[in-house]
Amino acid sequence: MHMNVAPHLLTEDRAEYERVLDDALNTAHARPDLDGAGTRLTLVQLRALTLNATTLVTSAAASEYEHYVKVREQHRAALGSRPSTADRPGPGGAGVVAVLTVMVPVLAGAAAVILLLAGAVLHALTPTVEFGATLLTAGLVFGTVAAAGLLCAAVGLLVTALRNSPAEVGGNQDDELSRAREAWRLALLERGIVPFLHDVLTAAAPVPDTPDG
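In this report, the structure presented in the accompanying data block is examined.

Let's shift gears to the packing of aromatic side chains. Inspection of the entire model under this criterion finds three aromatic pairs. Considering the side-chain rings of Y65 and Y68, the 6.4 Å spacing of their centres and the 55 degrees angle between planes classify their relative orientation as tilted. Remark: Y68 and Y65 occur in helix α4 (residues 62–81); sequence separation between them is three residues, near one turn of the helix. Y68 matches Y65 in its accessibility class, with the two residues each being buried. Plain terms: the ring middles of Y68 and W184 are 5.6 Å apart, the flat faces sit at 10 degrees to each other, and that makes the pair stacked. You can see Y68 sitting in helix α4 and its partner W184 sitting in helix α6 (residues 130–203), a full 116 residues away along the chain. For the pair shown, Y68 and W184 are each scored as buried. These aromatic residues form a ring-pair network of at least three members: Y65, Y68 and W184.

And the structure:
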């Protein structure tokens, strides 16, 4: 059967419109304002009539639908601006970098402490032996490496925090998109589909007999 599609209703949303309609028909027995659904007219007939009146029915929720489409386009644009997974380091590479970031300052710091202690002891016992001074110098070098490693680890934490920020923004956008979609569905149901079905059922109600005057 031919279905008139409202000019503002995009093709991708036709299926959602039909789902809301089917939900309304399936719960019509629980709505007093849809009394007669399934008796005066069958659910199949009501569905066909509502699909043929898509332009009229969807226009009742035009403002909510316009907002929903706008939010959805913004959400898709935001997703398109994010780096793809191919641009991000794989789990193996990230794991190696994380291990190195942690291990380098730890090992360098431990080596610095050992060398400085050994150098200090040798220098105190045999001030004339150059080996003690060499150990002290090596200890200072490893200490510098440990400090640099700690600095790199701090930078890595900062970068990780910055990378996680877009995910939080994306989560907020997902929530906004869900709210906009549900607002449209609710308006479509309560202001479009249900009133239309009510009018159709009312028109199909039998005319009571009037006594002959």
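This next bit is on the pattern of salt bridges. Side chains that differ in sign of charge can pair as their charged atoms come close. Scanning the model with the defined rule gives 14 salt bridges in all. Among the salt bridges present, the one from R31 reaches E190, with a minimum N-O distance of 3.0 Å. Placement of the pair is R31 in the loop between α1 (14–26) and α2 (43–52) and E190 in helix α6, with a sequence separation of 159 residues. Note that R185 is salt-bridged to E182, the shortest N-O span being 3.8 Å. With R185 and E182 both in helix α6, this residue pair falls three residues apart, about one helical turn. Since its relative accessible area comes to 18%, R185 is described here as buried.

Looking at the secondary structure, you find L49 in helix α2. Placed 151 residues apart in sequence, L49 and V200 show a C-alpha to C-alpha distance of 8.5 Å. Those residues in contact with L49, other than ones at most four positions away along the chain, are L41, F196 and V200.

As a further point, take the nonpolar core. Membership of the largest hydrophobic core comes to 30 residues, with the highest contact counts inside it found for Y17, L46, V57, W184, L188 and I193. When contributions to this core are tallied by element, the ones reaching two or more residues are α1, α2, α4 and α6. A per-element tally of this core places α6 first, with 12 residues. Look past the residues within four positions of L188 in its chain and what remains in contact with it is Y17, V20, V57, T58, A61 and I193.

Turning to its location among the elements, D174 is positioned in helix α6. Overall, D174 belongs to the partly exposed group, its relative accessible area being 36%. Separated by 102 residues in the primary sequence, D174 and R72 place their C-alpha atoms 9.1 Å from one another. Side-chain polar atoms of D174 contact the side chain of H75, separated by 3.1 Å.

Reading the values: rules and limits
- Residues numbered from 1 in each chain as written.
- Predicted model: local features only at pLDDT ≥ 70, side-chain atom pairs only at ≥ 80, totals over all residues.
- Heavy atoms only, no water.
- Phe/Tyr/Trp six-rings, centres within 6.5 Å; stacked < 30°, edge-to-face > 60°.
- Helix = DSSP H or I, 4+ residues; strand = E, 2+ residues; numbered from the N terminus.
- Buried < 20%, exposed > 50% of the residue type's maximum accessible area, 1.4 Å probe, protein only.
- Salt bridge = Lys/Arg side-chain N within 4 Å of Asp/Glu carboxyl O.
- Contact = heavy atoms within 4.5 Å.
- Core = buried A, V, L, I, M, F, W, Y, C linked by side-chain atoms within 4.5 Å.
- Polar contact = N/O pair within 3.5 Å; in protein donor to acceptor, adjacent residues only side chain to side chain.

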